[in-house]
Amino acid sequence: MPMLPLRTVADSPVRAIAKDWLAELSDALDDAHTDRAELCRRTLASLYHPEYASNWDTAVRDDKLPAPTRLGLAAMDPRNITLEPEYYGDCDDARFQRVKPLLWLWYSFDRSPAGGQNVWLGVELRRLLARHIFKRCGENFKAFQHVEFSFGYNMDVGDHVVVHRHVLLDDRGGIRLGNNVSISDYANIYSHTHSIVEQRDVTNAATVIEDGVRITYHATVLAGVQVHEQGMVGAMAVATKDVRPYHVYVGIPAKSVRVKPNAPAAHTILRTSSDRQSK
Ligand SMILES: CC(C)(COP(=O)(O)OP(=O)(O)OC[C@H]1O[C@@H](n2cnc3c(N)ncnc32)[C@H](O)[C@@H]1OP(=O)(O)O)[C@@H](O)C(=O)NCCC(=O)NCCS
């Protein structure tokens with residue numbers, strides 16, 4: 001296969017505006033006294049409803065405006081919306097309310113014309129927000145559009161991690177991503193599960209994706225699974241058990257079909273039939 005490193009794309013003239021805005025946002029987030037809900041509200045109101053940005057309060061209360069307009073305006077403020085994880089019995093409300101405005105800004109920015117597929121600005125903004133949402137966020141974190149979290153605050157992320165578009169990172173029981181991990185488009189990583197008898201019986205289990213792992217297109221990793229270093233979960237696979245280091249797992253349930261040629265000798269034995277005992 002040919003080596004195809006990423007191309008360099010020229011800066012757009014508006015990049016200076018973006019850099020100033022990101023610097024402002026970064027200063028505000030570094031300041032412990034910043035009201036994050038207010039910051040999110042101001043940012044989203046200027047993005048979506050610049051005509052109401054300066055009189056947002058009055059407009060929301062103005063009963064001459066159509067109800068959907070008022071509701072749309074109100075939704076710029078994270079205190080006026082609810083996110084699904086807030087309903088979870090194990091949600092640590094104090095922690096969640098601290099990150100909720102940043103999650104709402106992240107998700108809403110992704111639906112705006114300035115955000116979404118706009119790669120450079122989107123990656124920079126998400127990198128900035130991730131540092132204030134995650135338990136730990138390493139160097140050079142890169143997330144593309146429409147990534148979703150459960151709590152966000154249970155994410156522990158190493159250096160040079162890439163998360164592609166439409167990925168679900170359910171960090172309810174905790175997700176640890178090591179260094180140089182890549183999560184491809186539409187992949188799902190879970191860290192909670194429900195009893196097959198009683199839906200409300202929930203088990204949280206931390207899911208660990210070690211250094212150099214690739215979780216590829218549309219793959220799913222179930223709660224509590226450990227994907228060991230340099231392992232790979234193939235397209236559409238469902239990893240229900242631990243994945244051995246340097247092994248490539250495919251299918252449902254995912255099984256090892258090959259070992260990467262660069263695997264150290266200790267990892268080269270392919271045991272397709274005994275994967276179930278490998279945990
Ligand atoms: C897992 C993957 C890397 C395997 O690639 P590979 O090492 O070249 O393996 P092969 O294509 O030789 O396949 C080995 C066997 O597994 C099967 N297989 C490969 N990928 C599979 C998948 N995702 N699901 C089910 N079976 C799969 C093949 O059909 C083949 O079966 P066979 O031996 O019965 O013919 C690849 O199929 C895959 O899923 N790629 C995802 C794309 C990717 O790399 N994404 C990352 C982008 S960031």
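Not measured: the values here are computed from a predicted model.

**Examining unusual backbone geometry**
Here the residue pair Ile 252 and Pro 253 is connected by a cis peptide bond, since its omega of -10° sits within 30 degrees of zero. Mapped onto the elements, Pro 253 comes out in the loop between strand 18 (247-250) and strand 19 (255-259). Non-glycine residue His 218 carries a positive phi angle of around 60°. If you trace the backbone, His 218 turns up in the loop between strand 13 (214-215) and strand 14 (220-221). On the basis of neighbour counts, which here come to 16 C-beta atoms within 10 Å, the residue His 218 falls in the partly exposed class.

**Structural notes on the packing of helix 2 (residues 36-48) against helix 5 (residues 93-110)**
At a minimum axis separation of 8 Å, helix 2 and helix 5 run at an interaxial angle of 15°. Relative to helix 5, the element helix 2 lies roughly parallel. Along this stretch, helix 2 crosses helix 5, giving a crossing that reads as left-handed. Touching Arg 36, Ala 37, Leu 39, Cys 40, Thr 43 and Leu 44 of helix 2 are Pro 101, Leu 102, Trp 104, Leu 105 and Ser 108, all from helix 5. When the residues that make up the contact of helix 2 with helix 5 are grouped by side-chain class, the tally is 8 nonpolar, 2 polar and 1 charged.

**Considering the site of the ligand**
The environment of the ligand is formed by 15 residues, the closest being Thr 216, Gly 234, Ala 235, Val 250 and Val 257. Looking at the shell around the ligand, the elements with two or more residues in it are strand 18 and strand 19.

**A short note on helix 2**
Along an α-helix, residues three or four apart share an orientation, since each turn contains 3.6 residues. The terminal C-alpha atoms of helix 2 lie 18 Å apart, and with 13 residues this matches the ideal 18 Å at 1.5 Å per residue to within 8%. All buried positions along helix 2 are accounted for by Cys 40, Arg 41, Thr 43, Leu 44 and Ala 45. Close packing links the buried residues of helix 2 with helix 3 (56-61) and helix 5.

Rules behind the numbers
Residues numbered from 1 in each chain as written. Predicted model: local features only at pLDDT ≥ 70, side-chain atom pairs only at ≥ 80, totals over all residues. Helix = DSSP H or I, 4+ residues; strand = E, 2+ residues; numbered from the N terminus. Buried ≥ 20, exposed ≤ 12 C-beta atoms within 10 Å, placed from the backbone. Axes fitted to C-alpha atoms, helices over the stretch in contact; angles between N-to-C directions. Parallel < 35°, antiparallel > 145°, perpendicular 65-115°, else oblique. Left-handed = near helix turned anticlockwise from the far one by under 90°. Contact = placed C-beta atoms within 7 Å. Nonpolar A, V, L, I, M, F, W, Y, C, P; charged D, E, K, R; others polar. Near = placed C-beta within 6 Å. Expected span 1.5 Å × (residues − 1).

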